[in-house]
Amino acid sequence: MNPPRILVFDSGVGGLSVAQCIHRALPSARLVYLADNACFPYGDQPEELVTARCLQLIEASLKVYPSQLIVVACNTASTVVLPDLRASTHLPVVGVVPAIKPAAAVSENRRIGLLATPATIRRAYLDRLVDEFAADCQLHRVGHPALVRWIEDWVAGRALPEAELAEVLAPFREAQVDTVVLGCTHYPLIGQQLQGSLPEVRHWVDSGEAIARRTADLLDRAGYLPGDNHGKTPALDAMLFSGKVPPGIETFLPRLGLATGCFRGDWPSETVLPTAIGSI
Ligand code: DGL
């Protein structure tokens, strides 16, 4: 069978950290990147709204760009949308959860920091992950409301607020964690800056490579061949944004080793997406 196409979904540009890992693992797979940036950040939105918009946008994308697998490259969305999404499609769906299990496997002093959005920090499934995989660890949770916006702005060319970033990470320094979990797909994009701010942390863990491995495994089982178009065409067939195409994205993509054949903003113009709970 031909190289597969994979739909990668997030609320903003964070899922590009996952797309990068998938592209490295499966260089000839075609990717379509879909971002609901008109509704960004998802952490501020009611769960029902996130679910309704995810389902509608993914369905619309699959009509135009038929794909063989869906990756929900957003922790905040994955916590609420996966059951409904799996019920609505026959395609395999890969979601993302904070990498608590791998972190517990590498932490030597059993002190782990979790950096995530406030919405991810609050969700009950996180407590279940901790009980199951890190019950013998002290987990220090930092749920910061503005960090995802700072990263969207940084991708658009603005400087990161270094002093504020150091303040966000201060609880990890004080707790002397040796491992930090990046529980939001935006954060690996500024992995270097985070590591520079906390040089004493030994292990930085995110979910990108695990998602890429899971994706490769599911496609392999479905019989898709790696293909031989490596390097001949851009990794991304299209980047679709429900809002405006973010400024600076074109120059940012090559930094991740990615390129796209097309950008489409205000997409899909013909569909009326729910914008408030009352309109669902
Ligand atoms: N990249 C998303 C995540 O992994 C961003 C969160 C949001 O939109 O609130 O959670």
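Please refer to the structure placed before this passage.
Residues numbered from 1 in each chain as written. Predicted model: local features only at pLDDT ≥ 70, side-chain atom pairs only at ≥ 80, totals over all residues. Heavy atoms only, no water.

K.L.:
Would you mind going over the overall build of the protein chain in detail, with residue names and values included?
P.N.:
Within the protein chain, the regular secondary structure consists of eleven helices and ten strands. A compact globule built from 280 residues should have a C-alpha radius of gyration of about 19 Å, and the protein chain, at 18 Å, falls within 12% of that. The dimensions of the protein chain, computed from C-alpha atoms along their principal axes, are 50 × 45 × 35 Å. Residue burial in the protein chain is summarised as follows: out of 280 residues, 55% are buried. Here the contacts in the protein chain between residues at least 6 apart in sequence split such that 77% fall between residues at least 24 apart. When the accessible surface of the protein chain is split by element, carbon and sulfur atoms take 51% of a total near 12,300 Å². The distance from the centre of the 24 positive side-chain charges to the centre of the 29 negative ones in the protein chain is 3 Å. (Helix = DSSP H or I, 4+ residues; strand = E, 2+ residues; numbered from the N terminus. Rg over C-alpha atoms; globule rule 2.2 N^0.38 Å. Buried < 20%, exposed > 50% of the residue type's maximum accessible area, 1.4 Å probe, protein only. Contact = heavy atoms within 4.5 Å. Areas by Shrake-Rupley, 256 points an atom, 1.4 Å probe, with all protein chains shown as cover. Lys, Arg positive; Asp, Glu negative; His and termini not counted. Charge placed at Lys NZ, Arg CZ, Asp CG, Glu CD.)

K.L.:
Could you give an account of the nonpolar core, with specific residues and numbers?
P.N.:
If you look at the biggest cluster of nonpolar residues, it comprises 56 residues, and the most contacted ones within it are Ile6, Leu16, Ile22, Val71, Leu115 and Tyr187. Per-element accounting of this core gives the leading share, six residues, to helix H7 (residues 147-155). Residues in contact with leucine 16, not counting those within four places in the same chain, are Tyr33, Met239, Ile249, Leu253, Leu256 and Leu258. Membership of the second largest hydrophobic core comes to 28 residues, among which are Leu7, Val32, Leu34 and Leu49. (Core = buried A, V, L, I, M, F, W, Y, C linked by side-chain atoms within 4.5 Å.)

K.L.:
Could you give an account of the site of the ligand, naming the residues involved and the relevant values?
P.N.:
Among the 14 residues in the neighbourhood of the ligand, the closest are listed as Ser11, Tyr42, Gly43, Thr76 and Thr185. Backbone polar atom of glycine 43 to an oxygen atom of the ligand: 2.7 Å apart, as the coordinates give it. Within the complex, 99% of the 300 Å² of free accessible area of the ligand lies under protein. Taking a 2 Å distance to the grid points as the criterion, the majority of the atoms of the ligand fall inside the largest cavity. Of the residues that constitute the shell around the ligand, the class distribution is six nonpolar, seven polar and one charged. (Near = heavy atom within 4 Å. Polar contact = N/O pair within 3.5 Å; in protein donor to acceptor, adjacent residues only side chain to side chain. 1 Å grid on protein atoms, 1.4 Å probe; cavity = no way out; pocket = protein on both sides within 12 Å on 5 of 7 lines; lining within 4 Å. Sits in = over half its atoms within 2 Å of the grid points. Nonpolar A, V, L, I, M, F, W, Y, C, P; charged D, E, K, R; others polar.)

K.L.:
Could you give an account of the layout of surface pockets, with specific residues and numbers?
P.N.:
For the second largest pocket, the calculated volume is near 210 Å³. What lines the second largest pocket is Asn37, Phe40, Arg149, Glu152, Asp153, Ala156, Arg158, Pro246 and Pro247. Among the residues making up the lining of the second largest pocket, the classes are represented as four nonpolar, one polar and four charged. (Points joined across faces, edges and corners; volume = space filled by probe spheres on them.)

K.L.:
How would you summarise the packing of aromatic side chains if you had to cite specific residues and measurements?
P.N.:
Here the structure, examined in full by the defined rule, presents two aromatic pairs. The interplanar angle of 75° and the centroid separation of 5.7 Å between the aromatic rings of tryptophan 154 and phenylalanine 252 together place this pair among those described as edge-to-face. Taken together, the residues tryptophan 154 in helix H7 and phenylalanine 252 in helix H11 (residues 249-252) connect sequence positions 98 residues apart. Overall, phenylalanine 252 belongs to the buried group, its relative accessible area being 4%. (Phe/Tyr/Trp six-rings, centres within 6.5 Å; stacked < 30°, edge-to-face > 60°.)

K.L.:
Residue-level account of the environment of alanine 87, with values.
P.N.:
Position of alanine 87 relative to the elements: it lies in helix H3 (residues 75-88). For alanine 87, a relative accessible area of 70% corresponds to the exposed category. The spacing of alanine 87 and isoleucine 6 is 81 residues in sequence and 18 Å in space, taken between C-alpha atoms.

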